[in-house]
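Coordinate inspection notes
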Amino acid sequence: MTEAVKTTLENLKKNNMEAYFCSSKKEALELVKKLIKKGDTVSNGGSVTLAETGVMDLLKSGNYNYLDRARPGITQEEIEQVYRSTYSADAYFASANAVTQSGYIYNVDGNSNRVSAILYGPKSVILLVGTNKIVKTIDDAIERVKKIAAPNNTRRLNLDTYCSHTDSCVSLNKNDSEICDGCASTTRICCNYVLSGYQRHKNRIKVIIIDGSYGY
Ligand code: SF4
């Protein structure tokens, strides 16, 4: 484990979050199985990391009451219902856009069902985060979203934004850009900017840091 990871784990714990380190995705998957129990109602935010680590397959295994917003034939109305049901789930899974060494979690969302469920609702929030997403400062986290997470996610989702064509946010062309500056695309995925710090509800948020590069 690097010093950066060690520091991050310590500071996440100081911020009242459970923090774990796994040296492989296999280890992370075993840990996830211990954090939830059969029959639990579970849901997730959109995440490449969850697919890459096998967590999505686990959630869909039939051992849990999985709130599936992507099942074939689902209507927009049913998707909205899944989003609302998620607020009473036992566990909510997602990744993070960045985690600072000072123990803050940074997420930026467009639709914002993910950030809202992280903030309030599900009893437990379990975030799987590759070491590629650990950054030193909040400024680094902001930059990570504008240069890595957003361009890759807009391309993955086939969204016509400035960054999907150029690999970085339009706001970076300005000298004095602020955190929320960006494009005016109707499909912009940066609308709500959420920094999670010290938690009043101790250990509701669990962060599993996995050695290696996962997601964007
Ligand atoms: S504001 Fe627009 S251009 Fe900037 S990162 Fe977000 S989606 Fe991309």
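Provided above is the structure to which this section pertains.
All values derive from a computational prediction rather than experimental measurement. (Residues numbered from 1 in each chain as written. Predicted model: local features only at pLDDT ≥ 70, side-chain atom pairs only at ≥ 80, totals over all residues.)

Notes on the overall build of the protein chain
On a plain count of helices and strands, the protein chain comes out with eight helices and 10 strands. Relative to the 2.2 N^0.38 estimate, which gives 17 Å for 216 residues, the radius of gyration of the protein chain is 17 Å and therefore close to what a compact globule would have. Summarising its shape, the C-alpha atoms of the protein chain cover approximately 50 × 45 × 30 Å along the three principal directions. Relative to its 216 residues, the protein chain shows a buried fraction of 39%. Taking as baseline every contact in the protein chain between residues at least 6 positions apart, the subset at least 24 positions apart corresponds to 75%. (Helix = DSSP H or I, 4+ residues; strand = E, 2+ residues; numbered from the N terminus. Rg over C-alpha atoms; globule rule 2.2 N^0.38 Å. Buried ≥ 20, exposed ≤ 12 C-beta atoms within 10 Å, placed from the backbone. Contact = placed C-beta atoms within 7 Å.)

A short note on the site of the ligand
Among the 15 residues in the neighbourhood of the ligand, the closest are listed as Ala150, Cys163, Cys169, Gly182 and Cys190. Those elements giving two or more residues to the shell around the ligand turn out to be helix 7 (138–156) and helix 8 (162–166). In terms of residue count, the dominant contributor to the shell around the ligand is helix 7 (three residues). Residues of the shell around the ligand, tallied by class, amount to eight nonpolar, five polar and two charged. (Near = placed C-beta within 6 Å. Nonpolar A, V, L, I, M, F, W, Y, C, P; charged D, E, K, R; others polar.)

Points about the sheet that holds strand 7 (residues 124–130)
Read from one edge of the open sheet, six strands run 1-10-7-4-2-3, paired in parallel fashion. In the strand order of this sheet, the two ends are held by strand 1 (18–22) and strand 3 (65–66), each with one partner. In this sheet, strand 3 lies alongside strand 2 (residues 41–44) in parallel orientation, the contact comprising two bridges. Bridge pairing links Thr41 to Asn65 in strand 3. Along the sheet face, helix 1 (residues 3–14) touches strand 1 and strand 10 (205–210) and points at about 155° away from the line of strand 1. Along the sheet, helix 2 (residues 25–35) makes contact with strand 1, strand 7 and strand 10, crossing strand 10 at roughly 160°. (Pairing = 2+ DSSP bridges. Axes fitted to C-alpha atoms, helices over the stretch in contact; angles between N-to-C directions.)

Some remarks on the sheet that holds strand 8 (residues 134–135)
Read across the sheet, four strands follow the order 8-5-6-9 without closing on themselves; strand pairing throughout is mixed. At either margin of the open sheet sits one strand with a lone partner, and together these are strand 8 and strand 9 (192–196). Note that strand 5 (residues 98–100) and strand 6 (residues 105–109) share two bridges and pair antiparallel. Paired with Val99 across the bridge in strand 6 is Ile105. Lying on the sheet, helix 7 is in contact with strand 5, strand 6, strand 8 and strand 9; it crosses strand 5 at an angle near 170°.

Let's talk about helix 7
With 19 residues, helix 7 extends 25 Å from end C-alpha to end C-alpha; this agrees with the ideal 27 Å at 1.5 Å per step. Buried residues of helix 7: Ala141, Ile142, Arg144, Val145, Lys146, Ala149, Ala150, Pro151, Asn153 and Thr154, and no others. Structurally, helix 7 contributes buried residues whose contacts are with strand 5, strand 6, strand 8 and helix 8. Asn158 sits one or two residues past helix 7 and shows a positive phi near 60°. (Expected span 1.5 Å × (residues − 1).)

Observations concerning the pairing of strand 2
Pairing analysis gives three bridges linking strand 2 to strand 4 (residues 91–94), with the strands arranged parallel. Each residue of the ladder has a partner; that of Val42, found in strand 4, is Ala91.

Looking at unusual backbone geometry
The backbone phi angle of Asn158 is positive, close to 60°, even though this residue is not glycine. Tracing the backbone shows Asn158 in the loop between helix 7 and helix 8. We note that Asp167 has phi near 80°; this positive angle belongs to a residue other than glycine. Looking at the secondary structure, you find Asp167 in the loop between helix 8 and strand 9. In this structure Asp167 comes out as partly exposed when scored by C-beta crowding, with 13 C-beta atoms within 10 Å.

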